[in-house]
Every structure is written in structure tokens, then in C-alpha cells.
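Structural overview
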Amino acid sequence: MEPLIGVIMGSSSDWETMKWTCDVLEELDIPFEKKVVSAHRTPDLMFEYAENARDRGLKVIIAGAGGAAHLPGMVAAKTTLPVIGVPVQSKALQGLDSLLSIVQMPGGIPVATVAIGKAGATNAGLLAAQIIGAFQSEIAERINNRRKSIEQQVLESSETL
Ligand SMILES: Nc1c(C(=O)O)ncn1[C@@H]1O[C@H](COP(=O)(O)O)[C@@H](O)[C@H]1O
């Protein structure tokens, strides 16, 4: 199946975080692709990726980056697809630099920013799935089932206190 979601990251060192995004997309059986693309280190590739994403059939782009995390914003500037930004936890500033770099976009070019690290990366996958699920009810159904299972786990955890 052709990918519906593009998961990109500034460096292979971001994989530890971005694998949580890919895990949830796999779990929901949504076709996606994953690539290292950097606004800083591979600017031409980044432009090409963002410009061609819609024509290649992608519906949502999830971009994870750390530190001076310009990738999500720059990709958003070159496509009208929805872009979800994942702030990767940096060593020096624990990801606050990543978060602020991604979230503080100027008016006109939105990036939907999730929380720093694993929870944010998981939610990025879920948010992208929900965007696709707005048009494909079977995907919305899978998300609902996942939520029911989380609910069940919480209820069981309460019983075992
Ligand atoms: N923030 C960006 C961009 C970008 O925004 O284009 N490209 C790489 N990086 C980030 O640099 C950090 C360190 O990368 P290395 O581990 O490769 O030195 C990574 O978190 C990456 O996302």
C-alpha cells in the first residue's frame, strides 16, 4: 500500500523517539514511510520532499527534530499538507529548545506541536491517524478500539493497587 503518512526526522539519532510514532502507525495498520531529512544538513532534499509530498499521495507529515529544530517549520512552509512537529529531547536543554523551536511558528504557517519525547511521538502518530480517520471510518474505529483497551488497562491497574 502507498504510504499515507510521512515520518521524517532530522537525524538517525532521533529514531529512539520517532520509533514510537512508527510503532503506533504500525499498530493501527496505516501505511507510512520513514526517512532522515534535515533542513540544516540536507536542505535540497528537504525542499524536494516537502514539495512533492502531496503529489506522492501523502496526507500528513510528522517531523521530529531536536535542538534548533527547524525541520517541521521549514517543511510546513513548503507544503499545504498538515505537519505535526515532534520535539526530540536534546541533551543540553532536555528538549525545551526543540519544543520552542517547533511551537513558536509565525502566523500563517501552522505546525501542530506535540509534547517532548515518547508521549509526544506516540500522540503525533495518533493525531495523524485521527486526521486520516476523519475521512476513513475504519481507521477511526481502530483508534476507538485502542482507546477502549487503554481504558481497560487503567481500570485493571486500579483494581491491583
Ligand atoms: N534539528 C535538526 C535538524 C533540522 O531542523 O533540520 N536537522 C538535524 N537536527 C537535529 O540535530 C540533533 C542532533 O543530531 P546528531 O545526533 O546527528 O548530531 C538531532 O536531534 C536532529 O533532529
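Residues numbered from 1 in each chain as written. Predicted model: local features only at pLDDT ≥ 70, side-chain atom pairs only at ≥ 80, totals over all residues.

Looking only at helices and strands, the chain has six helices and five strands in total. Starting at the N terminus and ending at the C terminus, the chain contains elements arranged as β-α-β-α-β-α-β-α-β-α-α. Computed over C-alpha atoms, the radius of gyration of the chain comes to 16 Å, within 12% of the 15 Å expected from 2.2 N^0.38 for 161 residues, which places it in the range of a compact globule. Taken along the three principal axes of its C-alpha coordinates, the chain extends 50 × 40 × 30 Å. Burial status across the chain gives 37% buried among its 161 residues. (Helix = DSSP H or I, 4+ residues; strand = E, 2+ residues; numbered from the N terminus. Rg over C-alpha atoms; globule rule 2.2 N^0.38 Å. Buried ≥ 20, exposed ≤ 12 C-beta atoms within 10 Å, placed from the backbone.)

The next thing to look at is the UniProt feature "domain: PurE" (unreviewed entry) in the chain. The positions that UniProt labels "domain: PurE" (unreviewed entry) are, in the present scheme, residues 3-154. For residues 3-154, helix accounts for 47% and strand for 16%, while the C-alpha atoms at its two ends are 33 Å apart. (UniProt positions renumbered as here; feature names shortened; annotations may be inferred.)

The local shell around the ligand holds 16 residues, among which G10, S11, S13, A39 and G66 are the closest. Partitioning the shell around the ligand into residue classes produces six nonpolar, eight polar and two charged. (Near = placed C-beta within 6 Å. Nonpolar A, V, L, I, M, F, W, Y, C, P; charged D, E, K, R; others polar.)

As paired strands, strand 1 (residues 5-9) and strand 2 (residues 32-36) are joined by five bridges and run parallel to one another. Pairing of I8 across the sheet is with K35, part of strand 2. A crossover links strand 1 with its parallel partner strand 2, the connecting element being helix 1 (residues 15-27), and its sense is right-handed. (Pairing = 2+ DSSP bridges. Right-handed = clockwise from strand over helix to strand, strands pointing away.)

Turning next to helix 2 (residues 43-52). The α-helix winds at 3.6 residues per turn, so residues separated by three or four positions along the chain end up facing the same way. Of all the residues in helix 2, the buried ones are M46, Y49 and A50. Buried residues in helix 2, looked at end-on, bunch into an arc of 90°, giving them a common side. Residues D44, E51 and N52 are exposed on helix 2 and point more than 90 degrees away from its buried face. Of the surrounding secondary structure, the elements contacted by the buried residues of helix 2 are strand 1 and helix 3 (71-77). (Arc of directions from axis to C-beta. Contact = placed C-beta atoms within 7 Å.)

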